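Next come the chains, spelled out residue by residue.
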Amino acid sequence: MNEWIKLSLPHKSGTEMEWIERAYRDDWFVPLGPDVNEFEKRLQHFLGTDRPVVALSAGTAAIHLGLVMLGVGPDDDVICQDLTFSASANPIRYQGANPVFVDSEPETCNMSPEFLEKAIKDRIKITGRKPKAIVVVDLYGMPARLDVIRTIADSYGIPILEDSAEAMGSEYKGKKCGLWGDYGVMSFNGNKMITTSGGGALICPDAESAARVKFLATQARENRPYYYHKVIGYNYRLSNISAAIGCSQMETIDSRIARRREIHRLYSEGLKDLAGVTVQKNPSKDFDSNFWLTTVLIDPACGMTPDKIRIALLDRRIESRLLWRPMHMMPVFEAFPYYGSGVGESLFERGLCLPSGASLTDEQISVVIEALHDILGA
Ligand SMILES: *Cc1c(COP(=O)(O)O)cnc(C)c1O
C-alpha cells in the first residue's frame, strides 16, 4: 500500500533552521525584528510592485484590516464572493457590516461580473447607499475576471479587496494576483503556497496606508511617552521568527509554483480520456493560475458523486477535498442577501480538489490518476 498522499502539505525549502537559528542567536525572537522587514521586501520583489506589503499574523487578519482601512463599519453592505472559504466573509461581520453574497461564473469559479452589477444596483435601490467594498477571491489560484470587476467597481466608486490568499504567483493579463484590488491579501497558512507556520500579508495602495496598517496592527498606540489610544487597535503583526521562516520559504517560491503547475499538467494529461471527469483549466491566455489545488468536476451522469469518490480515494490512502461550500448555504450567513443563479451550488455538488502539494512526486500523482481511473472506469 502506498504512503498517504495528502492534499497540500507544507514544503520545506531546507534553510528554515538556519534562518530561525540566526534570529534566535541575534535575540530577534521578540515580536518585531529585521526578518519582518526582509520578508516584506521579498514579497514586494516577488510581486514586482512598488506598493508596500505589510506582514501580518494571518490572511484573515489582513482581510480584517483591509476592511477597516476601507472604512467598513456597522450596517454597511459589503459584497463578497459566495463560493469561498469563510475567512473571506467573517471579517465583514467582525466590523458589524452585512455581507452581500454574489455567485460565481462557471469558467473561473469566481465572482460573476453580471451578478455583481445586479447586486450593486439592487442594494442601492433597497438601502439608498452603495456597498462599501467588494471582496473578490482568486479561488484555488484561478484569477477572477479582475479587469471586468474593476470596471464595474470603478463605475460605482466602490473599492476592491482582492482575497488572493490561494493565488500567490497567479497572474491575470500579465499582472500578479493581489495587485488588482485597492488592497490585496496573501496567506502563509500551513497548506498555502508558502508557509510561515501561520501568517498573512496586506498589499497596500501607498506608504501612508501601509503605515496606518502597521499602526493598527500593533495596538494603535499613539506616539507618546505613555500609552495613549485614539482608535481601536489589533495585535495582528507577524512575529520575527515566523517572518524568518517566510524568508527561507521565499528562496524556493518560483520552483514551488512551477511544480503546482506541472502537477496540474500531469492531471490534465492523465485524466483527459477518463469519461465523467473534467480538469479545471485556464479559460484563456489571460489567465495563468498557480493551480494551488487542481480541481475536477464530476459529471453526475457517470453515477458517482464527488463525495463517493473522496471516500473511495481515502480507502487508497489518498486525501482529496470537496469544493468550498457557498457562504449563503451556511447557517451562520443564511440571513444575508444572495445574488446568483446557483452556479456556486452546482460547482460544490460536482467539484473535487485533488492532491496538489509541491512536494508530491510524479509517481504519487500517477497513483492518484490510476486510482481515479479505477474508481470511475469500473
Ligand atoms: C486561507 C484563506 C484565507 C485565510 O488565510 P489565513 O492565513 O488562514 O487566515 C482567506 N481566504 C481564502 C480564500 C483562503 O483560502
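See the structure printed just above.
Residues numbered from 1 in each chain as written. Predicted model: local features only at pLDDT ≥ 70, side-chain atom pairs only at ≥ 80, totals over all residues. Heavy atoms only, no water.

Caption draft 1: Region of the structure containing the packing of aromatic side chains. This model, assessed by the stated rule, comprises ten aromatic pairs. With a centroid separation of 4.9 Å and an interplanar angle of 25°, the aromatic rings of Phe85 and Trp324 are classed as stacked. Pair noted here: Phe85 is in the loop between β2 (77-81) and α4 (90-94) and Trp324 is in the loop between β13 (321-322) and β14 (338-339), with a separation of 239 residues, a long-range link. The buried category is assigned to Trp324, whose relative accessible area is 16%. Each ring, one from Tyr140 and one from Trp324, has its centre 6.3 Å from the other, and the planes form 5°; the classification is stacked. Taken as a pair, Tyr140 in the loop between β4 (133-137) and α6 (146-156) and Trp324 in the loop between β13 and β14 lie far apart in primary sequence, 184 residues in all. Accessibility assignment for this pair places Tyr140 and Trp324 in one class, buried. (Phe/Tyr/Trp six-rings, centres within 6.5 Å; stacked < 30°, edge-to-face > 60°. Helix = DSSP H or I, 4+ residues; strand = E, 2+ residues; numbered from the N terminus. Buried < 20%, exposed > 50% of the residue type's maximum accessible area, 1.4 Å probe, protein only.)

Caption draft 2: Structural view of the side chain of Thr295. Inspection of the secondary structure puts Thr295 in strand β12 (residues 294-298). Classification of Thr295 by relative accessible area gives buried; the value is 5%. Excluding residues within four positions of it along the chain, Thr295 makes contact with Tyr140, Thr278, Val279, Gln280, Leu323, Leu352 and Cys353. (Contact = heavy atoms within 4.5 Å.)

Caption draft 3: Inspection of the sheet that holds strand β11 (residues 287-288) at higher detail. Strand order in the open sheet formed by three strands is β7-β6-β11, and the pairing between neighbours is antiparallel. Strand pairing shows two members of the sheet lacking a second neighbour, β7 (175-176) and β11, which therefore form its edges. Direction of pairing for strand β6 (residues 171-172) relative to β11: antiparallel, over a ladder of two bridges. The residue of β11 that forms the bridge with Glu171 is Asp288. (Pairing = 2+ DSSP bridges.)

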